[in-house]
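Residue strings, one per chain:
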Amino acid sequence: MYSKKLQEAELGFTYDDLLLAPNESWIEAKDVDTRTRVSTNHELNIPIISAAMDTVSESELAIALAHEGGMAVLHRNMTLEMEVEELKKVKSSGELTIRNVVTTTADSSLSTVKDIMEEERINGLPVIQGKKLIGIITKRDIVPFLNNGSNKAVKDIMTSDVVTVKESISPIEALDIAYENKIERLPVVRGDELVGIITIKDILQQKENPNAIKDKNGKLLVAAASGPFDLERAVALDEAGADIIAVDCAHAHNMRVVEFVSTLKDNIDADLIVGNIATGEAAEALIKQGVDGIKVGIGPGSMCTTRIIAGVGVPQLTAISKVADVASNYDVPVIADGGLRYSGDIAKAIGAGADVVMLGNLLAGTYESPGDVVVMNGRKYKQYRGMGSMGAMTGGFSGGADRYFQEIKGHMKHSKLVPEGVEGVVPYKGTINEVIFQLVGGLKASMGYSGAKDIKKMQELANFVRITSSGIKESHPHDLLITNESPNYPTLE
Ligand code: XMP
């Protein structure tokens with residue numbers, strides 16, 4: 001009986017086990033349509049969403065990715081209030097006036113102002129007294145005083161004669177005033193009270209992104225992660241305007257998780273995506289509970305150790321195809337989550353039945369991902385860590401531990417947790433715009449080779465060929481020393 005189990009063990013494939021065979025094609029990469037569905041009621045312009053991880057998805061990345069036509073899933077390793085705040089930043093980002101203004105006061109020290117500017121990544125702060133606007137201070141103003149032992153305060157160097165605008169101003173008028181006065185930000189006032197700020201960067205960004213993905217009210221599309229049993233968080237995020245609630249769980253075929261799906265569905269208006277799973281049976285169970293999208297991937301992630309620690313998982317292309325076999329019968333979108341390293345992997349995931357891919361590693365280390373750039377051996381890096389890593393489960397809000405069915409009580413000892421992920425760094429990759437350009441460019445090239453004019457056709461027409469270890473060796477650059485790193489083929493040292 002036992003030997004039979006081994007004899008009958010199925011062969012599972014992942015990205016490096018297969019290639020897409022080229023097809024007869026009349027399609028050119030520049031003409032393909034990358035639109036796809038991420039959940040029952042939401043479409044994206046590109047089949048890419050970001051992982052709900054605390055080194056990947058906060059508002060800054062969410063805004064940048066939605067501008068490219070994809071969508072972020074805000075992570076939940078923060079308090080509910082903070083996640084709602086992040087969500088609101090995304091939803092209000094398309095507005096000309098930013099309402100949630102970071103300010104300072106006249107008596108603050110210049111070093112405090114510098115710290116705020118660095119933390120919030122902004123170059124200017126309105127100065128207020130109560131609600132009244134009394135000045136503005138910029139990075140350019142403070143730099144000359146920072147390292148010369150000066151103990152000046154904000155009031156000593158701020159600009160008191162501030163150019164302000166009213167709420168009714170149009171983008172064109174705002175640009176004119178900003179250019180005329182050679183300033184980058186315009187405080188918005190009601191009487192002498194500060195009610196918001198307009199920045200040139202935001203106005204220009206709005207113009208540059210025809211591919212941006214928006215909800216029916218013209219706000220950027222965004223999803224927010226919630227715990228498998230966290231009804232309070234799901235409801236609050238729904239009320240705060242999340243388009244999709246993504247239940248973020250290491251094993252969504254846990255029957256308590258499956259059962260709780262209907263309670264969540266009954267209490268929210270947003271679409272509900274649930275994951276992760278790796279089998280057709282799990283897909284069937286979740287779909288019967290009414291999910292609007294399914295996330296696939298048990299242990300393929302670049303920083304995951306689930307397959308090593310628990311010995312559990314299904315190679316990702318096999319997992320995607322099994323789930324897609326079931327989900328396509330019900331017209332429920334499938335999200336391939338984790339393990340993608342190159343644009344070619346996105347094409348393979350779609351060829352195996354995915355509608356969308358979820359990226360952690362590939363979007364970590366971008367300008368917009370949380371955290372600072374660190375320099376090691378002359379190269380730039382940013383932190384990237386698993387949500388089941390010790391750092392993520394014990395640091396910050398510890399909101400990831402229940403993803404792995406683990407509980408953190410008070411000042412619990414680290415030795416009482418069983419991590420399923422590791423912490424590390426990834427090379428700094430530049431902006432989301434640059435990264436997405438390469439990823440989507442690679443996908444479009446693949447669709448050209450496959451003769452697929454759109455994502456549905458790609459799912460239908462993609463043909464796989466199994467390869468050997470020599471095939472992988474042949475696929476990568478070989479027999480030369482790479483002297484110039486390519487933007488879509490990083491070499492990690
Ligand atoms: P990539 O390969 O894009 O994977 O870096 C991102 C996905 O990995 C999952 N994830 C984890 N899985 N332990 C795991 O087993 C972890 O600590 C962990 N953290 C994230 C998650 O699904 C993410 O989208």
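Residues numbered from 1 in each chain as written. Predicted model: local features only at pLDDT ≥ 70, side-chain atom pairs only at ≥ 80, totals over all residues. Heavy atoms only, no water.

Under the annotation held in an unreviewed UniProt entry, the protein carries the name Inosine-5'-monophosphate dehydrogenase and is attributed to Methanobrevibacter curvatus. As stated in UniProt under Sequence similarities (unreviewed entry), the record for the protein gives "Belongs to the IMPDH/GMPR family." (UniProt positions renumbered as here; feature names shortened; annotations may be inferred.)

**Q** Quick question: what am I supposed to make of the nonpolar core here?
**A** As a rule of thumb, soluble globular proteins bury nonpolar side chains together. Within the largest apolar cluster, 109 residues are counted, with the highest numbers of intra-cluster contacts made by Val38, Ile48, Ile49, Ile320 and Leu363. Ignoring sequence-local partners within four residues, the contact set of Val38 consists of Leu44, Ile49, Met71, Ile244, Ile273, Asp292, Gly293, Pro333, Ile335 and Val356. (Core = buried A, V, L, I, M, F, W, Y, C linked by side-chain atoms within 4.5 Å. Buried < 20%, exposed > 50% of the residue type's maximum accessible area, 1.4 Å probe, protein only. Contact = heavy atoms within 4.5 Å.)

**Q** Help me understand the pattern of salt bridges, please; the structure alone is not making it clear to me.
**A** A side chain of one charge can pair with a side chain of the opposite charge when the charged atoms of the two come close. On inspection of all chains with the given rule, the structure shows 29 salt bridges. The closest approach of N and O atoms between Asp54 and Arg385, which form a salt bridge, is 2.6 Å. With Asp54 in the loop between strand E4 (48-50) and helix H2 (59-67) and Arg385 in strand E17 (residues 379-385), this residue pair connects regions lying 331 residues apart in the sequence. Accessibility classification places Asp54 together with Arg385 in one group, the buried group. A salt bridge links Arg121 to Glu60; the shortest N-O distance between them is 3.5 Å. Taken as a pair, Arg121 in the loop between helix H4 (110-120) and strand E6 (124-129) and Glu60 in helix H2 lie far apart in primary sequence, 61 residues in all. Residue classification places Glu60 among the partly exposed residues on the basis of a relative accessible area of 31%. One network of salt bridges, with partners in common, ties together Asp16, Arg341 and Asp345. (Salt bridge = Lys/Arg side-chain N within 4 Å of Asp/Glu carboxyl O. Helix = DSSP H or I, 4+ residues; strand = E, 2+ residues; numbered from the N terminus.)

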